[in-house]
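Take a look at the letters that make up each chain.
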Amino acid sequence: MEQRDGLRLPAEIVAESFVPAVRVALAHELAERGCAQREIGAFLGITQAAVSKYLAGQANVEERLADDERLRRTAARVADGWVDGDLDAYDALVEIETLLQSFVDRGPVCALHEEAMPALDGLECDLCVRGPDAAAARERERLRDVRVAVRTLAADADAAAHVPNVGTNVASALPDPTGEADVAAVPGRVHTVRGRIDVPSDPAFGASQHVAGALLVANERDATIRGALNLATSDALIDAARERGDDPVEFDAAYDGRDAELRRAFADGVPAVAYHRGAYGVEPVCYVFGTDARDAVSRALALVAAAE
């Protein structure tokens, strides 16, 4: 069985790294203000022996948290309030919880979680902040759609020969997209390197301009079209599309007013394949559309196979 990354809950990272860092910082701040170790232990909910260990520098603390200016400021503010009597245990909890939220909102706790669970890296995970709401689930599905689709494309031995010199991209749109920010794609595009397709990074929203733009126009005409990618235009590919009954549609290569040109080309419906023959400084490109990114890649690979 394939070895996969184990699950690590965000709460584990908080318990293992954030809580000790906060307790050590508060112990030092309270000691500097003249509090006895017994008082510090009572406030932090730990033993006097643990306080002694903290103050002696014997605690194993994650430096990225301990050195964060936000944590130091919060610890100082809580210590001042506790010593002056202006802050009770509930107020202290509010301060620390606010700090924690800032640390899990793409902050250092989030970074530690990604290190502990590499499967999260590049997913733009925001579960701790937004929770498992429907919108977040839709976004994660679009990212996964692109990730699976682009890996399928890269694994095909014949696909590399059909990647344009400018690179390709695979895009997947959220329902009712209003702009490029609602379209997931691969940052930096996908290129051919030494005869193989190289995927430079995990997908992200707002990472595509041209493929996303074509997909947005297609989605305007047909809301079921939510996936697209581009290939290099060739006679073999266009002939293969015709033989498959995909009825490819040609449009003008000029990028000034391209959306209007695509709307004209899609007036009678969105084709499976839309292409142009290029222009001065513009490489010939062929767009393949699908119900999602995986469907678009499946269609594209069928064309590639038929063109070979």
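Above this text you will find the structure in question.
From a predicted model like this one, the values you see are computed outputs, not experimental measurements. Position numbers for residues count from 1 along each chain, tracking the sequence in the order it is written. With the structure being a predicted model, the display of local features is reserved for residues of pLDDT at least 70 and the display and counting of side-chain atom pairs for 80 or more, all residues being used for whole-chain, interface and lining totals. Side-chain descriptors were evaluated using all non-hydrogen atoms of the structure, hydrogens and water having been removed beforehand.

*Asks:* Could you clarify how one ought to interpret the overall build of the protein in this entry?
*Replies:* A tally of regular secondary structure across the protein gives 13 helices and nine strands. For the protein, whose C-alpha radius of gyration is 27 Å, the value lies well above the compact-globule estimate of 19 Å for 308 residues. Expressed along its principal axes, the backbone C-alpha trace of the protein runs to roughly 85 × 40 × 35 Å. Buried positions account for 44% of the 308 residues belonging to the protein. Only heavy atoms matter for contacts: two residues are in contact if any of them lie within 4.5 Å across the pair. Long-range contacts, defined here as pairs at least 24 residues apart, represent 67% of the contacts in the protein between residues at least 6 apart. Surface exposure of the protein reaches about 15600 Å², of which carbon and sulfur atoms provide 48%. Between the averaged position of the 32 positive side-chain charges in the protein and that of its 53 negative side-chain charges there is a distance of 2 Å. Helix and strand assignments follow DSSP, with helices taken as H or I runs no shorter than four residues and strands as E runs no shorter than two, numbered in order from the N terminus. Both definitions apply: the radius of gyration is a C-alpha atom measure, and the globule rule equals 2.2 Å times residues to the power 0.38. Remark: exposure states derive from per-residue accessible area (1.4 Å probe, protein chains only) relative to the maximum for the residue type, with buried under 20%, exposed over 50%, and partly exposed in between. Accessibility throughout is a Shrake-Rupley quantity obtained with a 1.4 Å probe, and a residue counts as covered only by protein chains that appear here. Only four residue types enter the tally: Lys and Arg on the positive side, Asp and Glu on the negative side; His and the chain ends are excluded. The location of each charge is read from NZ of Lys, CZ of Arg, CG of Asp or CD of Glu.

*Asks:* Is there a simple way to think about the pairing of strand 6 (residues 227-232) in this case?
*Replies:* Counting buried positions along strand 6 gives six out of six residues, so the element sits mostly inside the fold. What you see with strand 6 is no split at all: Gly227, Leu229 and Leu231 on one side and Ala228, Asn230 and Ala232 on the other are buried throughout. In this scheme, strands are said to pair when DSSP sees at least two bridges between them. One ladder, built from six bridges, connects strand 6 with strand 9 (residues 285-290); its direction is antiparallel. Paired with Asn230 across the two strands is Tyr287, which belongs to strand 9.

*Asks:* Even after reading the chapter, I still don't get the environment of Val270, so can you show me in this structure?
*Replies:* With respect to the helices and strands, the residue Val270 is situated in the loop between helix 12 (258-265) and strand 8 (273-275). Expressed as a C-alpha distance, the spacing of Val270 and Val193, which sit 77 residues apart in the sequence, is 32 Å. Non-local contacts of Val270, meaning those with residues more than four positions away in its chain, are made with Ala218, Arg221, Asp222, Ile225 and Phe289.

*Asks:* Where do I start with the layout of surface pockets in this structure?
*Replies:* Remark: the empty space left among the atoms is shown by a probe the size of a water molecule rolled over them. Computed over the protein atoms alone on a 1 Å grid, cavities are sets of points where a 1.4 Å probe fits but cannot get out and pockets are open sets with protein on both sides within 12 Å along at least five of seven lines; a residue lines them when it has an atom within 4 Å of a point. Grid points are joined across faces, edges and corners, and a volume is the space filled by probe spheres set on the points. In this structure, the second largest pocket encloses a volume near 310 Å³. Along the walls of the second largest pocket sit 14 residues, with Val22, Arg23, Leu26, Leu93 and Ile96 positioned nearest its centre. Elements supplying a minimum of two residues to the lining of the second largest pocket: helix 1 (10-32), helix 2 (37-44) and helix 6 (89-104). Note on residue classes: Ala, Val, Leu, Ile, Met, Phe, Trp, Tyr, Cys and Pro are nonpolar, Asp, Glu, Lys and Arg are charged, and everything else, Gly too, is polar. A breakdown of the residues in the lining of the second largest pocket according to their chemical character gives twelve nonpolar, no polar and two charged.

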